[in-house]
Amino acid sequence: MAASLNPVVDIHTHMYPPSYISMLEKRSTIPLVRKFPQADEPRLILLSSELESLDAALKDPTAKLPGRPLSTHFASLTQKIDFMDTNGINVSVISLANPWFDFLDPSEAAGIADSVNKEFSDMCAEHVGRLFFFAALPLSAPVDTIKASIDHVGKLKYCRGIILGTSGLGKGLDDPNLLPVFKAIVDANLLVFLHPHYGLPNEVYGPRSEEYGHVLPLALGFPMETTIAVARMYMAGVFDQVRNLQMLLAHSGGTLPFLAGRIESCIVHDGYLVKSGKAPKDRRTIWTVLKEQIYLDAVIYSEVGLQAAIASSGADRLMFGTDHPFFPPIEEDVQGPWDSSRLNAQAVSKAVEEGFSDAAAIMGLNAVRVLNLKAE
Ligand code: 5CU
């Protein structure tokens, strides 16, 4: 595809390189890859909400298949480039999908992270100018090892940030022990791409949740997880303590743009916070943090959510994404255009009139500027 003055850049697009898939094939607890006699393609089982259907399918070969089909779109670089060409995407910033290295034993995490990050770097080198990547960290390892890993990926030519889950070192992103990690990320001039994985406790979906497929964990659990993680960071003062930290939030910030006003109101009406001086009048509000330290992806599939995202962070802080290879078409050809990608592009053109500069900014120019996506 020819380079364009107004490139389309996909900043939310994942892969599991072949070495990561082999690791999942050897596992007996989630995340795992498993073949079932009733299907040709292996299944990729990631989420705790899929455990019940995994157990059922292991016992009964006629039971509903758990997880999602592990199509070639998850691990093949050729397929990623084909997807980009078919869906009008000039440049992609690829990242390892959840749950990254969270489940690894501390003793092996750094070695595996280094080698998977190198695979990402090598893939980018095969398609100079079309691919960049967000690296993943060995978060189960000691903090000094994590810092060494940040230092390492910061020097990789095509690395533009760190994809991070919400668990941090195990206690969430408001954990004071994580501050040196955030500082090291800033020092390496990298941005954090915050992405959910753990969702909400399964009980909230109720005893009938199996009837509802993946809808509740993905549509609601994921965004709430992101919302809560960032609200905790805000309440703990992380954004003030690491003033240069820049975060790109998946799924247009979960529900943060919509709930920021309510968060603010709850703070100023909290007797304990106000009386103990924890909510001083000159504090930076969550609105300020959204405008100064937060970027949002445009993976929200509707102009309604996108308008809230634009209103809270600004059109200059939004970036188009697809979430490929998740959400493939169910009934159409997976080698053709994907509706999930089209819906996100359509939301942009409905929210900010197509042809106007905000549309070009969200579709790619913001990413080029913020992530410095130059070919060499
Ligand atoms: O379909 C899913 O489970 C997912 C997932 O796990 N991660 C993601 O980024 N999108 C969809």
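Above this text sits the structure in question.
Because the structure is a prediction, the values reported are computed rather than measured.

Peer 1: Even after reading the chapter, I still don't get the side chain of T166, so can you show me in this structure?
Peer 2: Looking at the secondary structure, you find T166 in the loop between strand 7 (159-164) and helix 6 (179-187). Sequence-distant contacts of T166, defined by excluding residues within four places in its chain, comprise G172, L173, L194, H195, Y198, E225 and A229.

Peer 1: What is the right way to read the packing of helix 7 (residues 215-236) against helix 9 (residues 256-268) from this model?
Peer 2: For any two helices packed against each other, one specifies the crossing angle of their axes together with the interaxial distance. In contact at an axis separation of 12 Å, helix 7 and helix 9 are set at 40 degrees when each is read in the N-to-C sense. By the angle between their directions, the pair helix 7 and helix 9 is classed as oblique. The interaxial crossing formed by helix 7 with helix 9 has right-handed handedness. Between helix 7 and helix 9, the residues in contact are T227, V230, A231, Y234 and M235 and L256, L259, I263, E264 and I267, respectively.

Peer 1: For this particular structure, what's the right way to read the sheet that holds strand 6 (residues 131-136)?
Peer 2: Each strand in a sheet pairs with another by means of backbone hydrogen bonds, the pair being arranged parallel or else antiparallel. As summarised here, the arrangement of the 8 strands in space is 1-5-6-7-8-9-10-11, forming an open sheet in which the pairing is parallel. Single-partner strands in this sheet number two, and they are strand 1 (9-15) and strand 11 (318-319). Here strand 9 (residues 247-249) pairs with strand 10 (residues 294-297) via 3 bridges, running parallel. Within strand 10, the residue paired with L249 across the bridge is L296. Sitting on the sheet, helix 4 (residues 106-126) touches strand 1, strand 5 (91-96) and strand 6, and the angle it makes with strand 6 is about 170 degrees.

Peer 1: Whenever I open this one, the site of the ligand confuses me. Can you help?
Peer 2: Taken together, H14, L46, L47, R68, N98, H195, L218, F222, D323, F326 and F327 make up the full set of residues adjacent to the ligand. A distance of 2.7 Å separates a nitrogen atom of the ligand from a polar side-chain atom of N98. Measuring from an oxygen atom of the ligand, one finds a side-chain N or O atom of D323 at 3.1 Å. Coverage of the ligand by the protein chains reaches 97% of its 280 Å² of free accessible surface. Of the residues contributing to the shell around the ligand, the split by class is 6 nonpolar, 3 polar and 2 charged.

Peer 1: Hey, could you run me through the environment of I45 in this one?
Peer 2: Mapped onto the elements of the fold, I45 is located in strand 3 (residues 43-45). Sequence spacing of I45 and I11 is 34 residues, and the spatial spacing of their C-alpha atoms is 24 Å. Apart from residues lying up to four places away in sequence, I45 is in contact with I30, P31, L32, R34, F36, E50, L54, P66, G67 and R68.

Peer 1: Would you explain the pattern of salt bridges in this entry?
Peer 2: A side chain with one charge can pair with a side chain of the opposite charge if their charged atoms come near. Applying the stated criterion across every chain yields a total of 12 salt bridges. Across the pair R232 and D174 runs a salt bridge whose closest N-O atoms are separated by 2.8 Å. Taken as a pair, R232 in helix 7 and D174 in the loop between strand 7 and helix 6 lie far apart in primary sequence, 58 residues in all. For R232, a relative accessible area of 35% corresponds to the partly exposed category. Salt-bridge contacts for R284 lead to E292; the nearest nitrogen and oxygen are separated by 2.9 Å. Owing to a relative accessible area of 34%, E292 belongs among the partly exposed residues under this scheme. Connected through salt bridges with shared partners, the residues D240, R243, R284 and E292 form a single ionic network.

Peer 1: Would you mind showing me how to read the nonpolar core here?
Peer 2: For soluble globular proteins, the rule of thumb is that nonpolar side chains tend to be buried together. If you look at the biggest cluster of nonpolar residues, it comprises 112 residues, and the most contacted ones within it are Y16 and L245. When residues in this core are grouped by element, the largest group, 7 residues, is from helix 4. Each of domain 1 (9-16 + 75-371) and domain 2 (17-69) contributes no fewer than three residues to this core. Residues within four places of Y16 in sequence aside, it is in contact with I21, L44, L46, F74, A75, L96, A97, N98 and F326. In terms of nonpolar packing, the next biggest core, distinct from the first, is built from 5 residues, L32, I45, L54 and A57 among them.

Peer 1: Looking at this model, I keep getting lost on the packing of aromatic side chains. Mind explaining?
Peer 2: Inspection of every chain in the model, using the stated rule, returns 10 aromatic pairs. Taken together, a centroid distance of 5.2 Å and an interplanar angle of 20 degrees make the contact between Y16 and Y20 stacked. The exposure classification of Y16 matches that of Y20, with both residues buried. Taking the centre distance of 6.2 Å and the plane angle of 80 degrees together, the rings of Y20 and F103 count as edge-to-face. Separated by 83 residues along the polypeptide, Y20 in helix 1 (residues 18-25) and F103 in the loop between strand 5 and helix 4 bring together distant segments of the chain. Through pairs of rings, three or more aromatic residues link up here, namely Y16, Y20, F74, F101, F103 and F326. Against the face of Y295 rests R317, its NZ or CZ located 4.1 Å from the ring centre.

Thresholds applied
Residues numbered from 1 in each chain as written. Predicted model: local features only at pLDDT ≥ 70, side-chain atom pairs only at ≥ 80, totals over all residues. Heavy atoms only, no water. Helix = DSSP H or I, 4+ residues; strand = E, 2+ residues; numbered from the N terminus. Contact = heavy atoms within 4.5 Å. Axes fitted to C-alpha atoms, helices over the stretch in contact; angles between N-to-C directions. Parallel < 35°, antiparallel > 145°, perpendicular 65-115°, else oblique. Left-handed = near helix turned anticlockwise from the far one by under 90°. Pairing = 2+ DSSP bridges. Near = heavy atom within 4 Å. Polar contact = N/O pair within 3.5 Å; in protein donor to acceptor, adjacent residues only side chain to side chain. Areas by Shrake-Rupley, 256 points an atom, 1.4 Å probe, with all protein chains shown as cover. Nonpolar A, V, L, I, M, F, W, Y, C, P; charged D, E, K, R; others polar. Salt bridge = Lys/Arg side-chain N within 4 Å of Asp/Glu carboxyl O. Buried < 20%, exposed > 50% of the residue type's maximum accessible area, 1.4 Å probe, protein only. Core = buried A, V, L, I, M, F, W, Y, C linked by side-chain atoms within 4.5 Å. Domains from an automatic or database assignment. Phe/Tyr/Trp six-rings, centres within 6.5 Å; stacked < 30°, edge-to-face > 60°. Lys NZ or Arg CZ within 6 Å of the ring centre and 35° of its normal.

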